[in-house]
Amino acid sequence: MIVINLDVMMARRKMSLNELSEHVGITLANLSILKNNKAKAIRFSTLNAICEALRCEVQDILTYEREEN
């Protein structure tokens, strides 16, 4: 499963959800969905904007974890 570590990167950069929303141009509601790992999809343009705002790489935000059956 893909895990979104947006909250971790925001904490490392000391950036609030409001600040990130302003930098990226995404609503607080949509960022909250991403932050809480509830998103079903993300646009590359959104991912690019988040990486630019947080000065990070994609792998800092998205990770893959195997699901144990």
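The structure displayed is predicted, hence computed values, not measured ones. (Residues numbered from 1 in each chain as written. Predicted model: local features only at pLDDT ≥ 70, side-chain atom pairs only at ≥ 80, totals over all residues. Heavy atoms only, no water.)

Take the packing of helix α2 (residues 17–24) against helix α4 (residues 44–54) next. It is the contact of α2 with α4, at a shortest axis distance of 9 Å, that shows an interaxial angle of 120°. Taken together, α2 and α4 sit at an angle that is classed as oblique. Crossing geometry of α2 relative to α4 is assigned as right-handed. On α4, the residues that touch L20, H23 and V24 of α2 are A49, I50, A53 and L54. Among the residues forming the contact of α2 with α4, the class breakdown is six nonpolar, one polar and no charged. (Axes fitted to C-alpha atoms, helices over the stretch in contact; angles between N-to-C directions. Helix = DSSP H or I, 4+ residues; strand = E, 2+ residues; numbered from the N terminus. Parallel < 35°, antiparallel > 145°, perpendicular 65-115°, else oblique. Left-handed = near helix turned anticlockwise from the far one by under 90°. Contact = heavy atoms within 4.5 Å. Nonpolar A, V, L, I, M, F, W, Y, C, P; charged D, E, K, R; others polar.)

With that settled, consider the side chain of S21. Along the polypeptide, S21 turns up in helix α2. With a relative accessible area of 13%, S21 lands in the buried category. Leaving out residues up to four positions away in the same chain, S21 has contacts with I26, T27, L28 and L31. (Buried < 20%, exposed > 50% of the residue type's maximum accessible area, 1.4 Å probe, protein only.)

This part takes up the nonpolar core. Within the largest apolar cluster, 17 residues are counted, with the highest numbers of intra-cluster contacts made by L6, L20, L31, I50, L54 and I61. At the level of elements, α1 (6–12), α2, α3 (28–35) and α4 are the ones that each hand at least two residues to this core. When residues of this core are assigned to their parent elements, the largest contribution, five residues, is made by α4. Those residues in contact with L54, other than ones at most four positions away along the chain, are L6, M9, M10, R13, M15 and L20. (Core = buried A, V, L, I, M, F, W, Y, C linked by side-chain atoms within 4.5 Å.)

Here the focus is α2. Within α2, the full set of buried residues consists of L20, S21 and V24. The arc that holds every buried residue of α2, seen down its axis, measures 105°, which confines them to one face. Turned more than 90 degrees off the buried face of α2, the exposed positions are E22 and H23. Those residues of α2 that are buried lie in contact with α1, α3 and α4. Two residues or fewer past α2, G25 is found with a positive phi of approximately 80°. (Arc of directions from axis to C-beta.)

By themselves, these observations are geometric and do not establish any function.
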